[in-house]
Amino acid sequence: MGRVESLLLSTSQSVVELRGWDVHLLCEHGLDLPDAPLRENQQVKIYVASRFKNAGLVKAFSTKLMTLVPEYECIQTWTDEADKIAAGELGCPAWQAAEQDLKELDEADAIIVLTENCEQVPGGMHFETGYAYAKGKRVIVIGPETHVFHHIPRIHNHKNVQAFFIWVMNLRSAARL
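These remarks concern the structure in this document. Predicted model, so just to flag it, every value in this text is computed and none were measured.

## Section: helix α2 (residues 55-68)
- Compared with the 20 Å implied by 1.5 Å per residue over 14 residues, the 20 Å span of α2 between its first and last C-alpha is a close match.
- Every buried residue of α2 is accounted for by A55, V58, F61, S62, L65 and L68. One side of α2 carries all its buried residues, which in axial view fall inside an arc of 150°.

## Digging into the nonpolar core
- Judged by nonpolar contacts, the single largest core of 39 residues is most densely connected at I46, V48, F61, L65, I111, I112 and F164.
- Top contributing element to this core by residue count: helix α6 (residues 161-176), with six residues.
- The residues contacting V48, other than those within four sequence positions of it, are V58, F61, S62, C74, Q76, W78, I112 and L114.

## Examining the packing of aromatic side chains
- Summed over the entire model, instances satisfying the criterion amount to five aromatic pairs.
- Clustering of aromatic rings is evident, with ring pairs tying together F61, F164, F165 and W167.
- A cation sits over an aromatic face here: R154 above Y133, 4.1 Å from the ring centre.

## Description of the pattern of salt bridges
- Going through the model one piece at a time under the given rule, you end up with one salt bridge.
- For the salt bridge of K135 with D106, the shortest nitrogen-to-oxygen distance reads 3.6 Å. Of the two residues, K135 sits in the loop between α5 (124-134) and β8 (138-142) while D106 sits in helix α4 (residues 94-107), which places them 29 residues apart along the sequence.
- For D106, a relative accessible area of 37% corresponds to the partly exposed category.

## Section: the sheet that holds strand β7 (residues 110-114)
- The sheet built from five strands is open, its strands ordered β6-β5-β7-β8-β9 with parallel pairing. Of all the strands in the sheet, just β6 (72-74) and β9 (155-158) have a single pairing partner and so form its edges. In this sheet, neighbouring strand axes are inclined to one another by 25° on average, regardless of whether the strands run parallel or antiparallel.
- Relative to β9, β8 runs parallel, the two being bridged by four bridges.

## Observations regarding the environment of V113
- The residue V113 is located in strand β7 in this model.
- Along the primary structure V113 and I142 are separated by 29 residues, whereas in three dimensions their C-alpha atoms are 6.1 Å apart.
- If we ignore the near neighbours within four places in the chain, the residues touching V113 are A49, M125, T129, I140, V141 and I142.

Definitions and limits used
Residues numbered from 1 in each chain as written. Predicted model: local features only at pLDDT ≥ 70, side-chain atom pairs only at ≥ 80, totals over all residues. Heavy atoms only, no water. Helix = DSSP H or I, 4+ residues; strand = E, 2+ residues; numbered from the N terminus. Expected span 1.5 Å × (residues − 1). Buried < 20%, exposed > 50% of the residue type's maximum accessible area, 1.4 Å probe, protein only. Arc of directions from axis to C-beta. Core = buried A, V, L, I, M, F, W, Y, C linked by side-chain atoms within 4.5 Å. Contact = heavy atoms within 4.5 Å. Phe/Tyr/Trp six-rings, centres within 6.5 Å; stacked < 30°, edge-to-face > 60°. Lys NZ or Arg CZ within 6 Å of the ring centre and 35° of its normal. Salt bridge = Lys/Arg side-chain N within 4 Å of Asp/Glu carboxyl O. Pairing = 2+ DSSP bridges. Axes fitted to C-alpha atoms, helices over the stretch in contact; angles between N-to-C directions.

Fair warning: the whole summary comes from geometry, so function is off the table for now.
Following this line, the structure appears as structure tokens:
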């Protein structure tokens, strides 16, 4: 079967090298992203959620993901509003911002939840995750599993951002074989 002989992936925190992973083994266990690598000329919409204070991390993650997988479009706008909200200058009632987030979730094919530094954090990311799950969206958690719902078999978990990007690159390689 197809093997990725070597993949060098640089992230903001470290460089990870992967040698000889059997990518078909990953696919056999249903560990796949939305069908972007298999659909031609279609964007797959991804909503990235996290705690409000991680807005900068979410922006950087989204940029990296869209660079690595050009078929993916990260569509969340809450990160653009983060500075305005922090300064008390949102420009609309909070419920309208929440409605915008739900509209974006409805448009998304998947939600990626970044849980780094989110232990015991109340907030919208938990609501957004449950909303997306209930709508049948693909749910991917990156970072610590912060509650029992992250253990549901239909939710895919990755230890950290580096592990997630390795997984993505392996799936893309497997789709090309």
